[in-house]
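Geometric and topological summary
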Amino acid sequence: MPQLLQLFIIVPLFGFLLSLLLPPKKEKPISSLAIATVGLHLAGCILFTVYWLFNDSPALDIKHFVFFKTGTIEIFIDFYFDRITAVYSLTGSLLVLLVAIFSRFYMHREQGFKRFFNTLLLFYVGYNFIIYAGNFETLFLGWEILGLCSFLLIAFYRDRYLPVKNALKVISIYRFGDVCLMLAMWMSHHLWHQNITFMSLNDAGMVQEQLADHEGAGLFIAVMILLAAAVKSAQLPFSSWLPRAMEGPTTSSAIFYGSLSVHIGVFLLMRTYPFWESFTGIKITIIIIGLVTALVATGIAAVQSSVKTQIAYSSVAQIGIMFIEVALGFHTLALIHFTGNAFLRTYQLLVSPSVLSYLVHDMFFNYDPKVKKPYHSSSPKLKNSLYLLSLKEWNLDFFLQRYFWQPFKWFGKQLNFISGTGAALFFGAIFIAGVAAVMMRENIPAQIIDLLPVLFSVTGLSFVLKSFAQRGDAIRAWLLVICGQLFISVSVMLLNPEFGFDQVLMLLSGSILSAGIGYLCLKKIKEIDNDINLDRHHGYTYEQPKLAFIFLLCCLGTAGLPFTPTFIGIDLLFSQIGEYSVLLIFFTALSFLFIEIAVLRIYARIFMGQHKKNYHPIAYRSS
């Protein structure tokens, strides 16, 4: 029976790969393939769940595929099935099927019809990786795929300014959640000294025994899980990204930000509940976050003029209540709440384009003027203040931009000494010296060896931040990211001799190859009109769609997304950093936070947005 779990990943993955081969103009085969794939998956889920229920519904776990194994580290794919998986799987399959059928007509004759269904199927692959995941590595694989699909669907109307801008904004906040989950995995490796599975976490005695001796490590993991869940489910203070994500097609907004993707944070908390249930402080924090989010989001939803924004904040408020339910241990109630909220928000978003016509029709046939009531309020100033704050969405977006992203951008702009031929020679010599130090570490004093990893890590972070803040040549920004990755690799090699050249090769094999091809793509674009500065959008996807697709793959490969060995290499790199190497893990985590943002920013500026040449159609700033 557990062997059948892998089919729930293989079916959508096969459907996605097959959809890539279909011609873009063949709308009926493209949509029919997507509907058939999801329909087959739904039928399989129903049959499997019924059979599972009639066999006393045991928790199922299967270790599927081992990517990498050494004496202390094992990275593998693991699938798990229980009642949480059953509810999320059935709900997700049915909703994706309904949205796919609806999109067949809604997206008719849309220029990106095939692109939409390709991304929808890829999202479905990532969603199933998450809900069937039996360990953090498998869950993180799907987690990354969902983030990528969010970026692609928010920027679906890639010739417009706001969709592209908001796609970068959302993926930036998502990336913070990704790094929090990576840090949870990092500390989990040190806590358990193995790749722990979710089934093992259900052993309360083993968990409590381990946490009794390592309470600090356990608390750190719980906090990182909470932050990752809050980001993914748009809880305060990260709520502002959700209405910005509505720039994509209405059908993608329905399935992503109304029903499935936005509830993944709740799923993460329920899946890891056996680990953090003994931390009373974490429970109280989750309840406070959920309660405050529900109150604030309800107020914001009540005064917004956009229907999509109202629905987005209403959904955020309901998810805040789900956070409270999970923290209190009412998981059955949370699952029922998830199902009801998912179906309701999907319906509301699908009909949202017609709301105005419905209201006009209702006013025409059922006009009933309301009698003005005398205004009485004991605290008009408080009421007006709350109204204005809700109207401005409590300035959440401003505070995140001003106090989180801007300091890093300012710091990156101060690093002008990194650019230039002299700087290249200087840092090249330092890098060679670092590699030599790795090979001859026995002959170097221990005090210097202890200091070098942090210095190389800071240098790597400086390169990445300079790329993140770069407004000039795109090729220079691209090379800065690659240099940053090289310095980070050397920093970990200096710290831990066990992180040998074979593991470094796995880390860099995908990213260096992607970086080389990406460099050639940028050179090709520069040959066209010699202008690839990052101070504006160029929109080259109009005239170079194939080159744009290749460069997007290069960006994802350079950032270490799941289809390259670099994805495994990043996990290995984090595992080699000791639990007490606080500065090194901090700088390394920051580097990987900004690497993906920097490369996707280059892609967005060069290939997305309105084309610079005025003989192409000019789009509205927003959808």
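For the structure itself, consult the block above.
Residues numbered from 1 in each chain as written. Predicted model: local features only at pLDDT ≥ 70, side-chain atom pairs only at ≥ 80, totals over all residues. Heavy atoms only, no water.

1. Regarding a nonpolar patch on the surface
Where we set the bar: Any residue with relative accessible area above 30% and no salt bridge may belong to a patch, with like charges joined within 9 Å and the nonpolar Val, Leu, Ile, Met, Phe, Trp and Tyr side chains within 5 Å. Values of accessible area rely on a 1.4 Å probe in the Shrake-Rupley scheme; residue burial ignores everything except the protein chains shown. Take a side-chain nitrogen of Lys or Arg and a carboxyl oxygen of Asp or Glu: if they are within 4 Å of each other, that pair is a salt bridge. For helices the rule is a DSSP run of H or I covering at least 4 residues; for strands it is a run of E covering at least 2, with both sets numbered from the N terminus onward.
Taken together, the side chains of Leu4, Leu7, Ile10, Leu13, Phe14, Leu17, Leu18, Leu20 and Leu21 make up a nonpolar region of the molecular surface, amounting to roughly 830 Å² of accessible area. Checked against the element boundaries, leucine 18 lands in helix 1 (residues 7–20).

2. Topic: the packing of aromatic side chains
To be explicit about the condition: When two rings of Phe, Tyr or Trp (its six-membered ring) have centres within 6.5 Å they constitute a pair, described as stacked for plane angles under 30 degrees, edge-to-face for angles over 60, and tilted for the intermediate range. Partly exposed residues are those whose accessible area sits between 20% and 50% of the maximum for their type, while under 20% is buried and over 50% is exposed, using a 1.4 Å probe and protein chains only.
Tallying each qualifying case throughout the model produces 43 aromatic pairs. With a centroid separation of 5.2 Å and 90° between ring planes, the pair formed by phenylalanine 156 and tyrosine 157 is classed as edge-to-face. No difference in accessibility class separates phenylalanine 156 from tyrosine 157, as the two residues are buried. With a centroid separation of 5.4 Å and 80° between ring planes, the pair formed by phenylalanine 176 and phenylalanine 404 is classed as edge-to-face. Of the two residues, phenylalanine 176 is situated in helix 6 (residues 161–192) and phenylalanine 404 in helix 19 (residues 396–413); the sequence distance between them amounts to 228 residues. Here a set of aromatic residues connected by ring pairs shows up, and it is made of Phe176, Phe238, Phe404, Trp405, Phe408, Phe468 and Phe594.

3. So, the packing of helix 6 against helix 9 (residues 215–232)
Note the cut-off: With axes taken as lines fitted to C-alpha atoms, and helix axes fitted only over the stretch in contact, angles between N-to-C directions fall between 0 and 180 degrees. Small angles under 35 degrees read as roughly parallel and large ones over 145 as roughly antiparallel, with 65 to 115 read as roughly perpendicular and the rest as oblique. We call a crossing left-handed when the near helix sits turned anticlockwise from the far one by less than a right angle, and right-handed when that turn is clockwise. Note on contacts: a residue pair qualifies if any of its non-hydrogen atoms lie within 4.5 Å across the two residues. All amino acids are sorted into three groups, where Ala, Val, Leu, Ile, Met, Phe, Trp, Tyr, Cys and Pro are nonpolar, Asp, Glu, Lys and Arg are charged, and the leftover types, Gly among them, are polar.
Running from amino to carboxyl end, helix 6 crosses helix 9 at an angle of 155°, the nearest separation of the two axes being 8 Å. Taken together, helix 6 and helix 9 sit at an angle that is classed as roughly antiparallel. At the point where helix 6 passes helix 9, the crossing takes the left-handed sense. In contact with Ile173, Tyr174, Phe176, Gly177, Cys180, Leu181, Leu183, Ala184, Trp186, Met187, Ser188 and Leu191 of helix 6, helix 9 contributes Ala217, Phe220, Ile221, Met224, Ile225, Leu227, Ala228, Val231 and Lys232. Looking at the contact of helix 6 with helix 9 residue by residue, the class counts come to 18 nonpolar, 2 polar and 1 charged.

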